[in-house]
Number of protein chains: 2
Amino acid sequence: MPVTVAVDAMGGDHGPSVTLAAALTFLERTPDARVIAVGQEAPLREALARLRSGAKDRLVVHVASEVIAMDEPPALALRTKKDSSMRVAINLVRDGAAQACVSAGNTGALMAISRFVLKMLPGVDRPAIAGVLPTKKGVTTVLDLGANVNCTPAQLVQFAVMGVALASAVDGIERPTVGLLNIGEEDIKGNDMVKETSELLKVSGLNFHGNVEGTDIFKGTTDVVVCDGFVGNVALKTSEGLAQMLYEFLRAEFTRNPLTRVAALVAYPVLQAFKRRIDPRRHNGATLLGLKGIVVKSHGSADKLAFEHALYRAHAEVANGVLDKITQRMAAVPVPAARAGTGAAGA
Amino acid sequence: MPVTVAVDAMGGDHGPSVTLAAALTFLERTPDARVIAVGQEAPLREALARLRSGAKDRLVVHVASEVIAMDEPPALALRTKKDSSMRVAINLVRDGAAQACVSAGNTGALMAISRFVLKMLPGVDRPAIAGVLPTKKGVTTVLDLGANVNCTPAQLVQFAVMGVALASAVDGIERPTVGLLNIGEEDIKGNDMVKETSELLKVSGLNFHGNVEGTDIFKGTTDVVVCDGFVGNVALKTSEGLAQMLYEFLRAEFTRNPLTRVAALVAYPVLQAFKRRIDPRRHNGATLLGLKGIVVKSHGSADKLAFEHALYRAHAEVANGVLDKITQRMAAVPVPAARAGTGAAGA
């Protein structure tokens, strides 16, 4: 069955020139995929005219008159921009015309509109942002990366269930292990919220490994790492900053003088292989989990390669039936406390 | 005036063989320093006998009969181990025999005993762990790195004041900028605690830059970054894990085959320079700020070079009068809310 992805072609820092170029390469490499590119007609047609591809017959343009700005207040965007490229793309998922939506636009607006239009899956209070990070052993799914700054233990258990469903569906892991992100100082084993979450996870029936520390994320100690959105966002952004700094230091050392420049030439293929291996663009595409539809958020500054990867991500989630698997697991796992928390936690 | 450092010679994963070797090198390179090495007599004498140094005359052994294990509950260590190397080293600071104490031992015990023996400076509720991290521009002082998992806004303001005092005293920055660690998602600008802290920092008289994101730590956007201990610890440990992973990936690429091994040989001096530049051992030594005495915590797994740097850190803080500067700033900065919070936040 073909997979149709609705693309918010106007979203992100670069707009159609990047989103459409990425969409066409994605289509060339994914024969069973189709793309509905949503956005303003003129810029889309112009960008398309400039691109050459044998896959244009699997891309259709769907016109939407408005654009949500990157810094627009999400509540305002939700209330007023009913014909925005983002909203129309999400509508297409709700109506079954597409099985997933990908946007590099305003994260807050994407969260708010997705939640309003698609609604939550049974048993899930709020969406979580799940990302897949490279590790020494392979990859680790980390959530929440910034959607929820105040989480209840019940919500963290829901995140764990959804993360496990995602990792098992897309990465093909039978019983993904779950780690609860905590701190490792000897006197303190986390705050009350984390302690309570740990108790709930122990009786959740999930393959709960126990507490993990920040170091464990990139060690790949567990398949899934669960944390609240504040902590997850800081961990992610700190990692981005560190990787960037190390990359610049490495570059600086190799361009220090003529001798190091020769060394750089000799080492070039190796450094390229290293760079490719850790290229964050290949891990672009965070999933808004818990919605009745697949919504993938690309980094706003994504270039063509990065946006392409967000599209592969969306395709893989559809092809592997992630939504059904989350629904099944939410029903199967005994998360009474999570259920009980549904009302109060919706704030 | 000579600076005397009390060294918990038994602390850490390696004990006297590392702590004493580091102490002697530190003494050789720091002519105005003296060391009181605290610990069990036999292992200390044995380790010393094996070491050669021209600085042995500035190191005296102070016998303490007990040792606190790395995994010992802090409360138990505080109550029962009154003649432990750690406790006796801290006592020496209280009694004025030493101006600073350095330990690679049990962090929780070090916190609990330091607080009990030395007491807090006026206006400070609880100690914070401050670390100095390398950035693109130089260094950034980050606190709290794990001492306090539940912080009030008033406490975060205290951390900011102390961090500023530290950065200005040791790094010689006149009016250090302060960033409040927050998340960058567009819909949410942090939780209530962070928002309230931001309001307090705006009227604190400090050079408050505003919110910063995780990426800003290694960018060096501000001289001081303030956060609660849970978030700070996760950010630090995640960075450690990422750096470790990247290092291993780089190594793997350079040892992949005979050709890449040749490239590694050519690039060796450059890679060494890079490694030295980011070597975490050169940033070892986190300070327990807010106590009536200087206490520096070394990483438990510190080797000789790393422990040496914790000693330089302690020496620099004494030499630059950090304690006086914190006291002055706590008195000078209008932090009414912080004062008001003193009682309730002591839990």
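Residues numbered from 1 in each chain as written. Chains lettered and ligands numbered in written order. Predicted model: local features only at pLDDT ≥ 70, side-chain atom pairs only at ≥ 80, totals over all residues.

(A) Just the overall build of chain A, in detail. Across its full length, chain A holds 13 helices and eleven strands. A compact globule built from 347 residues would reach a C-alpha radius of gyration of about 20 Å, and chain A, at 21 Å, matches this within 12%. In terms of principal-axis extent, the alpha carbons of chain A reach across some 60 × 60 × 35 Å. The contacts in chain A between residues at least 6 apart in sequence include a share of 75% that link residues at least 24 apart. (Helix = DSSP H or I, 4+ residues; strand = E, 2+ residues; numbered from the N terminus. Rg over C-alpha atoms; globule rule 2.2 N^0.38 Å. Contact = placed C-beta atoms within 7 Å.)

(B) Spatial organisation of helix H4 (residues 85–94) of chain B. Most of H4 of chain B is tucked away, with nine of its ten residues classed as buried. All buried positions along H4 of chain B are accounted for by Ser85, Met86, Arg87, Val88, Ala89, Ile90, Asn91, Leu92 and Val93 of chain B. (Buried ≥ 20, exposed ≤ 12 C-beta atoms within 10 Å, placed from the backbone.)

(C) Representation of the sheet that holds strand S5 (residues 128–134) of chain B within the structure. Residue and element names in this part refer to chain B. A sheet is described by the order of its strands in space; here eleven strands give the open sequence S3-S2-S1-S4-S11-S10-S5-S6-S9-S7-S8, paired in mixed fashion. The open sheet has two free edges, formed respectively by strand S3 (59–63) and strand S8 (207–212), since each of these has just one partner strand. When the angles between neighbouring strand axes are averaged without regard to direction, this sheet yields 25°. (Pairing = 2+ DSSP bridges. Axes fitted to C-alpha atoms, helices over the stretch in contact; angles between N-to-C directions.)

(D) Examining the relation of the copies chain A and chain B more closely. After a rotation of 180° and a shift along the axis of 0.0 Å, chain A superposes on chain B with an RMSD of 0.0 Å. Taken together, these values place the two copies in the relation of a two-fold axis. A share of 100% of the interface residues of chain A reappears at the interface of chain B, consistent with the copies meeting face to face through the same patch. (Least-squares fit on C-alpha atoms with pLDDT ≥ 70 in both.)

(E) Looking closely at the domain arrangement of chain A. Per the domain assignment, the segments of chain A are domain 1 (1–118) and domain 2 (126–282 + 321–342). If you average the C-alpha positions of domain 1 of chain A and of domain 2 of chain A, the two centres end up 27 Å apart. (Domains from an automatic or database assignment.)

(F) Highlighting the interface of chain A and chain B. Residue-level contacts link 57 residues of chain A with 57 residues of chain B. When contributions to the side of chain A that touches chain B are tallied by element, the ones reaching two or more residues are helix H5 (107–118), helix H8 (214–219), helix H9 (229–254) and helix H10 (258–278) of chain A.

(G) Summary view of the pairing of strand S5 (residues 128–134) of chain A. Residues and elements named next belong to chain A. Counted residue by residue, S5 has seven buried out of seven residues, so it is predominantly covered. Here S5 shows no split at all, with Ala128, Ala130, Val132 and Pro134 on one side and Ile129, Gly131 and Leu133 on the other all buried. Relative to strand S10 (residues 286–289), S5 runs antiparallel, the two being bridged by three bridges. Residue pairing for S10: Ala130 is matched across the bridge by Thr287. Note: S5 against strand S6 (residues 139–143), five bridges, orientation antiparallel. Residue pairing for S6: Pro134 is matched across the bridge by Val139. The turn joining S5 and S6, which pair antiparallel and follow one another in sequence, is formed by four residues.

(H) Up close: helix H4 (residues 85–94) of chain A. Looking at the buried positions of H4 of chain A, the neighbouring elements they touch are strand S1 (3–8), strand S2 (33–39), strand S3 (59–63), strand S4 (100–103), H5 and strand S11 (294–297) of chain A. Looking at the residues trailing H4 of chain A, positive phi occurs at Gly96 of chain A, about 85°.

(I) Layout of the sheet that holds S5 of chain A. All names here are of chain A. Spatially, eleven strands are ordered S3-S2-S1-S4-S11-S10-S5-S6-S9-S7-S8 in an open sheet, and the strand pairing comes out mixed. The open sheet terminates on both sides in strands that have one partner only, identified here as S3 and strand S8 (207–212). Going across the sheet, the axis of each strand differs from the next one's by a mean of 25°, ignoring polarity. As paired strands, S1 and S2 are joined by six bridges and run parallel to one another. Within S2, the position partnered with Val7 by the bridge is Ala37. Most of the contacts of helix H6 (residues 153–170) go to strand S9 (residues 224–226), to which it runs at about 160°, and overall it touches S5, S6, strand S7 (177–181), S9 and S10.

(J) Layout of the pairing of S3 of chain A. All names here are of chain A. As judged from the five bridges shared by S2 and S3, these two strands associate in the parallel manner. Residue pairing across strands places Ile36 opposite Val60, the latter belonging to S3. Regarding topology, helix H2 (residues 41–50) serves as the crossover connection from S2 to the parallel S3, and that connection is right-handed. (Right-handed = clockwise from strand over helix to strand, strands pointing away.)

(K) Looking closely at the packing of helix H6 (residues 153–170) of chain B against helix H7 (residues 192–202) of chain B. Residues and elements named next belong to chain B. Orientation of H6 relative to H7, taken along the N-to-C sense of each, is 50°, at an axis distance of 8 Å. Considered as vectors, H6 and H7 are oriented oblique to each other. Where H6 crosses over H7, the two elements pack in a sense that is right-handed. Mapping the contact onto sequence places Pro153, Leu156, Val157 and Ala160 in H6 and Met193, Glu196, Thr197, Leu200 and Leu201 in H7. Tallied by class, the residues present in the contact of H6 with H7 amount to seven nonpolar, one polar and one charged. (Parallel < 35°, antiparallel > 145°, perpendicular 65-115°, else oblique. Left-handed = near helix turned anticlockwise from the far one by under 90°. Nonpolar A, V, L, I, M, F, W, Y, C, P; charged D, E, K, R; others polar.)

(L) Focus on the environment of Arg58 of chain B. All names here are of chain B. Relative to the elements of secondary structure, Arg58 occurs in the loop between helix H2 (41–50) and S3. Taking the C-beta count within 10 Å as the criterion, Arg58 has 20 such neighbours and is therefore assigned buried. Once the C-alpha coordinates of Arg58 and Pro31 are considered, the two residues, 27 residues apart in sequence, prove to be 9.2 Å apart. With residues up to four places along the chain from it excluded, the contact list for Arg58 reads Leu27, Ala33, Arg34 and Val35.

(M) Focus on the packing of H9 of chain A against H10 of chain A. Residues and elements named next belong to chain A. Running from N to C, H9 and H10 point in directions that differ by 160°, and their axes come no closer than 10 Å. Judged by the inter-axis angle, H9 sits roughly antiparallel to H10. Along the contact surface, H9 presents Ala243, Glu253 and Phe254, while H10 presents Thr260, Ala263, Ala264 and Ile278. Class assignment for the residues of the contact of H9 with H10 results in five nonpolar, one polar and one charged.

(N) Geometry of the environment of Glu317 of chain A. Residue and element names in this part refer to chain A. Position of Glu317 among the secondary structure elements: in helix H11 (residues 304–319). Spatially, the C-alpha atom of Glu317 lies 7.5 Å from that of Ile294, the residues being 23 residues apart in sequence. Apart from residues no more than four positions distant in its own chain, Glu317 is found in contact with Ala100, Val170, Thr287, Ile294 and Val322.

(O) Just unusual backbone geometry, in detail. The omega angle of the peptide bond from Leu143 of chain A to Asp144 of chain A is 5°, so this bond is cis rather than trans. Topologically, Asp144 of chain A is positioned in the loop between S6 and H6. Of note in the backbone geometry, Lys119 of chain B takes a positive phi value of approximately 70° without being a glycine. Within the fold, Lys119 of chain B resides in the loop between helix H5 (107–118) and S5. Under the C-beta neighbour-count criterion, Lys119 of chain B is labelled partly exposed, with 13 such atoms within 10 Å.

(P) Spatial organisation of the environment of Ala64 of chain B. All names here are of chain B. By the element assignment, Ala64 lies in the loop between S3 and helix H3 (74–80). Residue Ala64 is classed as buried on the basis of its 24 C-beta neighbours within 10 Å. Ala64 has contacts with Val38, Gly39, Asp83, Ser84, Ser85 and Val88, leaving out every residue within four places of it along the chain.

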